[in-house]
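Each chain, letter by letter, is given below.
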Amino acid sequence: MKNIKNVVSSGCSFVFGSCMWPKNDPRLDSGALYKHRFSKIFADENNAKDINLAKNGGSNDRALRKIYEWIQNNKESVKDTFFIVGFTELTRKDLYLDTFGKRVTWMHMYRRPTSLLVSVPKEQKEHIEGCIDKMSVYNEVEYKYFYNRKIEHESLMRNSELLQSYVESMGGNIAFFGALYRPIELDSRLNWYMPGGYDCWPTFLESYYDYRLEHPTADDHEKLGKDLVKYYESNK
């Protein structure tokens, strides 16, 4: 790997940097997370620009799509860019809601139909509240009959390999890691970043405290950012 000018990251809330501090902490609304998330720490260490494309509730499909779209608009910059993708839970989808005219958050409703309403943006809710019962039935049928974890994992690996090949063909570098997702296996086709030497970020977090799958704290982001620097330096 070489010196870079941009760090482009994508994923879910773990990559975005949500909930670094306790609820009602003023830093949550001050924009401080943009300075403390791991992508910024890593970018600063490399004197590069932090371009974080992650989103709360974002799916793996969205993570890969956002990087592809960024490349289409910045092809001349790919050779000077390091891309990092944090995989999230496999049940999340990147679906297009036609009545809304946008892509929306979609995931397995484990508990009740209204659980989907809790996780979506306010502007999206008004388009689904009237048909939430029908969406609940659709959701139940989809995940009961048309979802298989191993198949979804293989699809993610395949699509990630295609993106990796595309990035490398343009002179860029890309790495993948389990952010929220604990990979079924570290597929040899991909360039894996192993947080702290572990298979994913949650396992790394478990190595130094009693982690219960809550959002990583600012201190956790700092540790990951510095560890990512070590990974990048060792692969130059």
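I will try to describe carefully the structure that is included in this document. For clarity, every value in this text was computed on a predicted model and none was experimentally measured.

1. Description of the nonpolar core
By size, the foremost hydrophobic cluster in this structure holds 32 residues, and its most contacted members are Phe-42, Phe-82, Phe-177, Tyr-193, Trp-201 and Leu-228. Among the secondary structure elements, those contributing two or more residues to this core are α1 (13–16), α3 (38–45), β3 (81–87), β6 (173–178), α9 (201–206) and α10 (218–234). Among the elements that take part in this core, α10 stands out by supplying six residues, more than any other. Among the nonpolar cores identified, the runner-up in size contains 31 residues, and Ile-67, Val-85, Tyr-147 and Ile-174 belong to it.

2. Some remarks on the packing of helix α4 (residues 60–73) against helix α8 (residues 149–169)
Running from amino to carboxyl end, α4 crosses α8 at an angle of 15°, the nearest separation of the two axes being 11 Å. Between α4 and α8, the crossing angle belongs to the class labelled roughly parallel. Every pair of crossing elements has a handedness; the one defined by α4 and α8 is left-handed. In this structure, α4 contributes Asn-60, Leu-64, Ile-67, Tyr-68, Ile-71 and Gln-72 to the contact, and α8 contributes Leu-156, Asn-159, Ser-160, Leu-163, Tyr-166 and Val-167. When grouped by side-chain class, the residues that make up the contact of α4 with α8 number eight nonpolar, four polar and no charged.

3. Focus: the side chain of Asp-220
With respect to the secondary-structure elements, Asp-220 resides in helix α10. It is Lys-223 that comes nearest to the buried, bridge-free Asp-220 among opposite-charge side chains, at 5.3 Å. Side chain to side chain, Asp-220 and Tyr-208 meet in a polar contact 2.6 Å long. Setting aside residues no more than four positions away along its own chain, Asp-220 makes contact with Trp-201, Leu-205, Tyr-208 and Tyr-209.

4. A closer look at α10
Each turn of an α-helix holds 3.6 residues, which means side chains three or four residues apart point in the same direction. Look at α10: 25 Å from first C-alpha to last across 17 residues, which is about the 24 Å you get at 1.5 Å a residue. Those residues of α10 that sit buried are Ala-218, Asp-220, His-221, Leu-224, Gly-225, Asp-227, Leu-228, Val-229, Tyr-231 and Tyr-232.

5. Quick look at the pairing of strand β4 (residues 93–97)
Where β4 lies against strand β5 (residues 102–106), five bridges are found, and the strand directions are antiparallel. Bridge pairing links Leu-97 to Lys-102 in β5. Counting the residues between successive antiparallel strands, the hairpin from β4 to β5 contains four residues, one of them, Gly-101, with a positive phi of roughly 75°.

6. Quick notes on α4
Over its 14 residues, α4 extends 21 Å from the first C-alpha to the last, a length consistent with the 20 Å expected when each residue adds 1.5 Å. Tucked inside the fold, the buried residues of α4 contact β1 (6–10), β2 (49–52), β3, β4, α8 and β6. Of the residues flanking the start of α4, the one acting as N-cap is Ser-59, its side-chain oxygen 3.5 Å from the backbone nitrogen of Asp-61.

7. Considering unusual backbone geometry
The backbone of Asn-24 shows a phi angle near 75°, a positive value even though the residue is not glycine. By the element assignment, Asn-24 lies in the loop between α1 and α2 (33–36). You will see that Leu-213, though not glycine, has its phi angle at about 70°, which is positive. With respect to the helices and strands, the residue Leu-213 is situated in the loop between α9 and α10.

Parameters and conventions
Residues numbered from 1 in each chain as written. Predicted model: local features only at pLDDT ≥ 70, side-chain atom pairs only at ≥ 80, totals over all residues. Heavy atoms only, no water. Core = buried A, V, L, I, M, F, W, Y, C linked by side-chain atoms within 4.5 Å. Buried < 20%, exposed > 50% of the residue type's maximum accessible area, 1.4 Å probe, protein only. Helix = DSSP H or I, 4+ residues; strand = E, 2+ residues; numbered from the N terminus. Axes fitted to C-alpha atoms, helices over the stretch in contact; angles between N-to-C directions. Parallel < 35°, antiparallel > 145°, perpendicular 65-115°, else oblique. Left-handed = near helix turned anticlockwise from the far one by under 90°. Contact = heavy atoms within 4.5 Å. Nonpolar A, V, L, I, M, F, W, Y, C, P; charged D, E, K, R; others polar. Lys, Arg positive; Asp, Glu negative; His and termini not counted. Salt bridge = Lys/Arg side-chain N within 4 Å of Asp/Glu carboxyl O. Polar contact = N/O pair within 3.5 Å; in protein donor to acceptor, adjacent residues only side chain to side chain. Expected span 1.5 Å × (residues − 1). Pairing = 2+ DSSP bridges.

Everything listed here is a matter of coordinates, which is why it stays silent on function.
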